[in-house]
Amino acid sequence: MIRFIIEKDNVSVAFDAPTNLLYDRLAFVRVGDIPISGTDNVSIKLIPWSDVKLAETIAKRFSGNDKISEVNALCEKVKHLRPSDEKAFIERLENDDVHGAAQMIDVVEEMDLEAASEINRYDYDEEDEEPIMEQRM
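Definitions and cut-offs
Residues numbered from 1 in each chain as written. Predicted model: local features only at pLDDT ≥ 70, side-chain atom pairs only at ≥ 80, totals over all residues. Heavy atoms only, no water. Helix = DSSP H or I, 4+ residues; strand = E, 2+ residues; numbered from the N terminus. Buried < 20%, exposed > 50% of the residue type's maximum accessible area, 1.4 Å probe, protein only. Contact = heavy atoms within 4.5 Å. Areas by Shrake-Rupley, 256 points an atom, 1.4 Å probe, with all protein chains shown as cover. Axes fitted to C-alpha atoms, helices over the stretch in contact; angles between N-to-C directions. Parallel < 35°, antiparallel > 145°, perpendicular 65-115°, else oblique. Left-handed = near helix turned anticlockwise from the far one by under 90°. Pairing = 2+ DSSP bridges. Phe/Tyr/Trp six-rings, centres within 6.5 Å; stacked < 30°, edge-to-face > 60°. Expected span 1.5 Å × (residues − 1). Arc of directions from axis to C-beta. Salt bridge = Lys/Arg side-chain N within 4 Å of Asp/Glu carboxyl O.

**Comments concerning the overall build of the chain**
Phase 1: What the chain contains, in helices and strands, is five helices and four strands.
Phase 2: Along the chain, helices and strands appear, N-terminal first, in the series β-β-α-β-α-α-α-α-β.
Phase 3: When each of the 137 residues of the chain is scored for burial, the buried share is 42%.
Phase 4: Of the contacts formed within the chain by residues at least 6 apart in sequence, a portion of 71% connects residues at least 24 apart.
Phase 5: Carbon together with sulfur atoms contributes 44% to the accessible area of the chain, which is approximately 7,600 Å² in total.

**What about the packing of helix α4 (residues 83–95) against helix α5 (residues 101–111)?**
Phase 1: Their axes nearest at 11 Å, the elements α4 and α5 cross at an angle of 130 degrees. With respect to α5, the element α4 is oriented oblique. α5 is crossed by α4, and the crossing has right-handed handedness. Across from Ala88, Phe89, Arg92 and Leu93 in α4, the residues of α5 making contact are Met104, Val107, Val108, Glu110 and Met111.

**Some points on the pairing of strand β2 (residues 11–17)**
Phase 1: Among the seven residues of β2, seven are classified as buried, and the element is accordingly described as predominantly covered.
Phase 2: Alternating residues of β2 divide into Val11, Val13, Phe15 and Ala17 and Ser12, Ala14 and Asp16, and every residue in both groups is buried.
Phase 3: Connecting strand β1 (residues 2–8) to the next strand, β2, in antiparallel fashion are two residues, including Asp9 with a positive phi near 55 degrees.

**As for the packing of aromatic side chains**
Phase 1: Under the counting rule described, the total for this entry stands at one aromatic pair.
Phase 2: When the centroid spacing of 5.3 Å and the interplanar angle of 20 degrees are considered together, the rings of Phe4 and Phe15 count as stacked. With a gap of eleven residues between them, Phe4 in strand β1 and Phe15 in strand β2 connect regions that are remote in the sequence.
Phase 3: Classification of Phe4 by relative accessible area gives buried; the value is 0%.
Phase 4: Since its relative accessible area comes to 4%, Phe15 is described here as buried.

**Topic: α4**
Phase 1: Its 13 residues place the ends of α4 18 Å apart at the C-alpha level, agreeing with the 18 Å of an ideal helix rising 1.5 Å per residue.
Phase 2: The set of residues buried in α4 consists of Asp85, Glu86, Phe89, Ile90 and Leu93. Buried positions in α4, seen along its axis, are confined to an arc of 135 degrees and lie on one side of it. Of the exposed residues in α4, the ones pointing more than 90 degrees away from its buried face are Ser84, Lys87 and Asn95.
Phase 3: Buried residues along α4 sit in contact with α2 (53–59), α3 (68–78) and α5.
Phase 4: At the exit of α4 stands Asp97, carrying a positive phi of roughly 50 degrees.

**Quick word on α3**
Phase 1: Those residues of α3 not exposed but buried are Ile68, Val71, Asn72, Leu74, Cys75 and Val78. When α3 is viewed along its axis, its buried side chains cluster within an angular range of 160 degrees and face the same direction.

**Section: the pattern of salt bridges**
Phase 1: Scanning all chains against the criterion turns up seven salt bridges.
Phase 2: With its nearest N and O atoms 3.7 Å apart, the salt bridge here joins Asp97 to Arg61. Taken together, the residues span a long stretch of sequence, with Asp97 in the loop between α4 and α5 and Arg61 in the loop between α2 and α3 at a distance of 36 residues.
Phase 3: Note on Arg61: relative accessible area 12%, which makes it buried.
Phase 4: A salt bridge links Glu110 to Arg92, with the nearest nitrogen and oxygen atoms 2.6 Å apart. Taken as a pair, Glu110 in helix α5 and Arg92 in helix α4 lie far apart in primary sequence, 18 residues in all.
Phase 5: For Arg92, a relative accessible area of 22% puts it in the partly exposed group.
Phase 6: When salt bridges with common partners are traced through the structure, they connect Arg92, Asp96 and Glu110 into a single cluster.

Here it is in structure tokens:
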């Protein structure tokens, strides 16, 4: 749903959220759970999947203080929403001017939105996917 590209020194890693392997991905570039705005030593790029309106909508509402784990948790909660729930969630974000991953998670829980387990938009099993890792010399 949302691609992270994290660079530190000469090492970078790219992965899609949600992932069950978040801390493994962060360990590769030797960082912990940092804000999505990055740090002095670490740059982070967030790229919402352009073909997923929900990804674009929530990416616009992140705060620079949101932690990578919060974004990952939000993506996990909304990755398989039914189309009607997805539409209702987007409308709620826009109407209530919700910002920040924690507030968006609260809205999902308050609306008691349910994932449609039979729908898998992302056609791959995460364990089969390898993260894109690069080390520059």
